[in-house]
Amino acid sequence: LTADRHRPGALAQSVERLGLAARAVRDQMSNDTWMVLAAVERTVLHRGRALPESKTEGEAYLVTAHRETLAGMLALSGLAAESMVQDVGWTMMDIGKRIERGLALTALLSATLTVVRNPGAEQTVTESVLVACESSVIYRRRNLGVFNVAAVADLVLFDAENPRSLVYQFERLRADLKVLGSPRPERMVDEIATRLRRIDPDDLEDITPDGRRGELAGLLDGLHKDLRELSGVITATHLSLPGGMQPLWGPDERRE
């Protein structure tokens, strides 16, 4: 999951694709961006080509790769927020980030909180989810010593003031799409956000006879599907070339 660049979703594959995307618009990137990206590539890709055989060296590689990637991604996020001109390109990038964050969040919660476990395991999993969502500090401050799915869902799904919550992602998507002037994606976001507002977090604790939180599972599966559909509509609307275009050099047959 860290070093296999041929595995979709692996860290190395994501870093490699990020580098390719950045080099496709090399003239738009600042020197600071390349400094950060190059450091991450050196750690994850170059050192990962020959993984150490010993367990100790392997664990050291994993720790270093994860730490350097986290630091690099935080730096790139800061550069994008504080140094990039917020034009249409920045808006499209932010739309992508919000959709990706929504997809990651719904997948994470679906894999961790929809199955009922014993209390000890439940608390461990819940704490880990909050850490992954960068929401553990605010959760502990609001819910001293209490760990339950309804409170977690309230914070990471419905809290509009939490920049990691799903509702917050939809608010940002709505603002970005308004800048682009995209009526259909805007309507889709409004419909999803309206459905979210009608949900009571306490209902997500309901457990089915097979030991699953059925309401939560259904909600997360539906949201994940909606986000993928939204991504497809935005891609078709803003990122696809018009049909029937012909290269400057003429049809392929003539070129050959």
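Look up a bit, the structure's there.
Please read all numbers here as calculations on a predicted model, not as lab measurements.

Draft legend 1. Examining the overall build of the protein more closely. Summing up its helical and strand segments, the protein has 11 helices and zero strands in all. When its helices and strands are written in sequence order, the protein yields α-α-α-α-α-α-α-α-α-α-α. Expressed along its principal axes, the backbone C-alpha trace of the protein runs to roughly 65 × 55 × 35 Å. In the protein, which comprises 256 residues, the proportion classed as buried is 38%. For the protein, the proportion of contacts with a sequence separation of at least 24, taken over those separated by at least 6, is 59%. Across the protein, the centroid of the 32 positively charged side chains sits 3 Å from that of the 37 negatively charged ones.

Draft legend 2. A look at the nonpolar core. Residues Ile95, Leu109, Val156, Leu157, Leu166, Phe170 and Leu196 are the most contacted members of the largest nonpolar core, which totals 39 residues. Listing elements by their share of this core, those giving two or more residues are α4 (88-112), α5 (119-132), α6 (136-142), α7 (149-156), α8 (166-180), α9 (183-197) and α10 (214-239). No other element matches the eight residues that α10 contributes to this core. Among the nonpolar cores identified, the runner-up in size contains nine residues, and Ala3, Val40, Leu45 and Ala65 belong to it.

Draft legend 3. A look at the pattern of salt bridges. For the structure on display, the rule yields 10 salt bridges. Its salt-bridge partner being glutamate 41, residue arginine 23 comes within 2.9 Å of it at the nearest N-O pair. In this pair, arginine 23 sits in helix α1 (residues 11-24) while glutamate 41 sits in helix α2 (residues 31-46), placing the two residues 18 residues apart along the sequence. Look at glutamate 41 and you get buried, because its relative accessible area is 9%. Among the charged side chains, a network of salt bridges with common partners joins Asp94, Arg98 and Arg172.

Draft legend 4. Looking closely at the environment of methionine 84. In this fold, methionine 84 is placed in the loop between α3 (55-82) and α4. Spatially, the C-alpha atom of methionine 84 lies 9.3 Å from that of methionine 29, the residues being 55 residues apart in sequence. Ignoring anything within four residues of it in the chain, the contact list for methionine 84 reads Leu79, Trp90 and Met93.

Draft legend 5. Region of the structure containing the packing of α4 against α8. In contact at an axis separation of 9 Å, α4 and α8 are set at 155 degrees when each is read in the N-to-C sense. For the element pair α4 / α8, the angle class is roughly antiparallel. Seen along the crossing, α4 lies across α8 with a hand that is left-handed. Contacts between α4 and α8 involve Val88, Trp90, Thr91, Met92, Asp94, Ile95, Arg98, Ile99, Arg101, Gly102, Leu105 and Thr106 on the former and, on the latter, Leu166, Tyr168, Gln169, Arg172, Leu173, Asp176, Leu177, Val179 and Leu180. Among the residues making up the contact of α4 with α8, the classes are represented as 12 nonpolar, four polar and five charged.

Draft legend 6. Just the side chain of glutamine 169, in detail. Structurally, glutamine 169 is set in helix α8. Among the polar contacts made by the side chain of glutamine 169, one reaches the main-chain carbonyl oxygen of proline 163 at a distance of 2.8 Å.

Draft legend 7. Representation of unusual backbone geometry within the structure. In the Ramachandran plot, glutamate 134 falls in the positive-phi region, its phi being about 55 degrees despite a non-glycine side chain. Mapped onto the elements, glutamate 134 comes out in the loop between α5 and α6.

Draft legend 8. Local environment of the environment of leucine 37. Counting through the fold element by element, leucine 37 comes out in helix α2. As for leucine 37 and methionine 73, which are separated by 36 residues in sequence, their C-alpha atoms are 8.4 Å apart.

Draft legend 9. Quick look at the environment of methionine 73. Tracing the backbone shows methionine 73 in helix α3. Classification of methionine 73 as partly exposed rests on a relative accessible area of 31%. Remark: the alpha-carbon pair of methionine 73 and glycine 9, spanning 64 residues in sequence, is separated by 16 Å.

Draft legend 10. Layout of α1. Between its first and last C-alpha atoms α1 spans 20 Å; for 14 residues at 1.5 Å apiece the expected length is 20 Å, and the two agree. Buried residues belonging to α1 abut α2 and α3.

Quick notes on the rules
Residues numbered from 1 in each chain as written. Predicted model: local features only at pLDDT ≥ 70, side-chain atom pairs only at ≥ 80, totals over all residues. Heavy atoms only, no water. Helix = DSSP H or I, 4+ residues; strand = E, 2+ residues; numbered from the N terminus. Buried < 20%, exposed > 50% of the residue type's maximum accessible area, 1.4 Å probe, protein only. Contact = heavy atoms within 4.5 Å. Lys, Arg positive; Asp, Glu negative; His and termini not counted. Charge placed at Lys NZ, Arg CZ, Asp CG, Glu CD. Core = buried A, V, L, I, M, F, W, Y, C linked by side-chain atoms within 4.5 Å. Salt bridge = Lys/Arg side-chain N within 4 Å of Asp/Glu carboxyl O. Axes fitted to C-alpha atoms, helices over the stretch in contact; angles between N-to-C directions. Parallel < 35°, antiparallel > 145°, perpendicular 65-115°, else oblique. Left-handed = near helix turned anticlockwise from the far one by under 90°. Nonpolar A, V, L, I, M, F, W, Y, C, P; charged D, E, K, R; others polar. Polar contact = N/O pair within 3.5 Å; in protein donor to acceptor, adjacent residues only side chain to side chain. Expected span 1.5 Å × (residues − 1).

So far we have only geometry, and geometry alone does not tell us how the molecule works.
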